[in-house]
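Remarks on the overall topology
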Amino acid sequence: MPVTLNAGMRMPSWFDIYSLQPNGPQDDDGIKKAARDLHCLIEEEEKKGISSDRIMVGGFSQGGAVALYSGFTYHKPLAGIIALSSWLPMHAQFPQIASSNIDSAIFQAHGDIDPVVPFVWGDLTSKVLKTFAKNHEFKKYAGLMHSSNQQEMNDVREFIKKQLPGE
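These figures come from a predicted structure and were not determined experimentally. (Residues numbered from 1 in each chain as written. Predicted model: local features only at pLDDT ≥ 70, side-chain atom pairs only at ≥ 80, totals over all residues. Heavy atoms only, no water.)

Across its full length, the protein holds four helices and six strands. Walking the protein from its N terminus toward its C terminus, one meets helices and strands in the order β-β-α-β-α-β-β-α-β-α. Computed over C-alpha atoms, the radius of gyration of the protein comes to 15 Å, within 12% of the 15 Å expected from 2.2 N^0.38 for 167 residues, which places it in the range of a compact globule. When the backbone C-alpha atoms are referred to their principal axes, the protein occupies close to 45 × 35 × 30 Å. Evaluated residue by residue, the protein yields a buried proportion of 47% over its 167 residues. Relative to all contacts within the protein whose residues are 6 or more apart in sequence, the contacts with residues 24 or more apart total 68%. In the form shown here, the protein has an accessible surface area of approximately 8500 Å², with 55% of it arising from carbon and sulfur atoms. Positive and negative side-chain charges of the protein, numbering 16 and 19 respectively, have mean locations separated by a distance of 2 Å. (Helix = DSSP H or I, 4+ residues; strand = E, 2+ residues; numbered from the N terminus. Rg over C-alpha atoms; globule rule 2.2 N^0.38 Å. Buried < 20%, exposed > 50% of the residue type's maximum accessible area, 1.4 Å probe, protein only. Contact = heavy atoms within 4.5 Å. Areas by Shrake-Rupley, 256 points an atom, 1.4 Å probe, with all protein chains shown as cover. Lys, Arg positive; Asp, Glu negative; His and termini not counted. Charge placed at Lys NZ, Arg CZ, Asp CG, Glu CD.)

The next point concerns the packing of helix 1 (residues 28–47) against helix 2 (residues 62–73). Running from N to C, helix 1 and helix 2 cross one another at 70°; their axes reach a closest spacing of 9 Å. Judged by the angle between their axes, helix 1 and helix 2 are roughly perpendicular. Two packed elements cross with a definite hand, and for helix 1 against helix 2 that hand is right-handed. Packed against helix 1, whose contacting residues are Ile31, Lys32, Ala34, Ala35, Leu38 and His39, the element helix 2 presents Val66, Ala67, Tyr69, Ser70 and Thr73 at the interface. Taken together, the residues of the contact of helix 1 with helix 2 sort by class into seven nonpolar, three polar and one charged. (Axes fitted to C-alpha atoms, helices over the stretch in contact; angles between N-to-C directions. Parallel < 35°, antiparallel > 145°, perpendicular 65-115°, else oblique. Left-handed = near helix turned anticlockwise from the far one by under 90°. Nonpolar A, V, L, I, M, F, W, Y, C, P; charged D, E, K, R; others polar.)

Here the focus is the packing of aromatic side chains. Taken as a whole and judged by the stated rule, the model has eight aromatic pairs. Ring geometry for Phe15 versus Trp87: centroids 6.4 Å apart, planes at 80°, classification edge-to-face. In this pair, Phe15 is assigned in the loop between strand 2 (9–10) and helix 1 and Trp87 in the loop between strand 4 (80–84) and strand 5 (105–111), connecting sequence segments 72 residues apart. Using a relative accessible area of 3% as the deciding quantity, one classes Phe15 as buried. Given a relative accessible area of 4%, Trp87 falls into the buried group. (Phe/Tyr/Trp six-rings, centres within 6.5 Å; stacked < 30°, edge-to-face > 60°.)

This paragraph deals with the sheet that holds strand 5. Spatial strand order, 3-4-5-6: four strands in an open sheet with parallel pairing. Each edge of the open sheet is held by one strand with a lone partner, namely strand 3 (56–60) and strand 6 (135–141). Neighbour-to-neighbour, the strand axes of this sheet turn through a mean angle of 10°, independent of strand direction. By the bridge criterion, five bridges tie strand 3 to strand 4 in an arrangement that is parallel. (Pairing = 2+ DSSP bridges.)

Here we come to the environment of Leu68. On the secondary structure map, Leu68 appears in helix 2. Linking Leu68 and Gln108, residues 40 residues apart in sequence, is a C-alpha distance of 9.5 Å. What Leu68 contacts, discounting residues up to four positions off in sequence, is Ile81, Ala83, Trp87, Leu88, Ile106, Thr125 and Leu129.

The omega angle of the peptide bond from Phe94 to Pro95 is 10°, so this bond is cis rather than trans. Looking at where Pro95 falls in the secondary structure, it is placed in the loop between strand 4 and strand 5. Backbone geometry places Ala7, a non-glycine residue, at a positive phi of 55°. Assignment of secondary structure puts Ala7 in the loop between strand 1 (2–3) and strand 2. Positive phi, normally seen in glycine, also occurs at Asn101, with a value near 65°. Its place among the elements puts Asn101 in the loop between strand 4 and strand 5.

Below, the structure written as structure tokens:
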């Protein structure tokens, strides 16, 4: 899809991005559509016999944004939410629209020198989440740009193992 922030160039994207300013305009309709799409994917897994409380949603950058928004607007409990180098879209509407999963575990991580989704976005997201999410962890990685590193992946693995122990 064309992404406004990227001079309208077509790229893989869950929704359009107009701005990376905290109070800038957002593609509310696109964000909600992406959440509905993710909710449908969760429901497909449930139809295969996986209980929602054994399902995690997560992503990197825009994928993490969709995971956060979708997790808090999904109507059933989830095992957890992972957001890496990401932000909470439509953050001004939270906690009011957080209809569920405020007790679910949230792992949020961000590099402190991210030039694409600046660390300030991760920090703002963390502050908003702490106002209503009861089990939120935010990790900062020194020297990490808009990417991942082994320590972050190790932390994600430990988070998943803790939230989804073997049966």
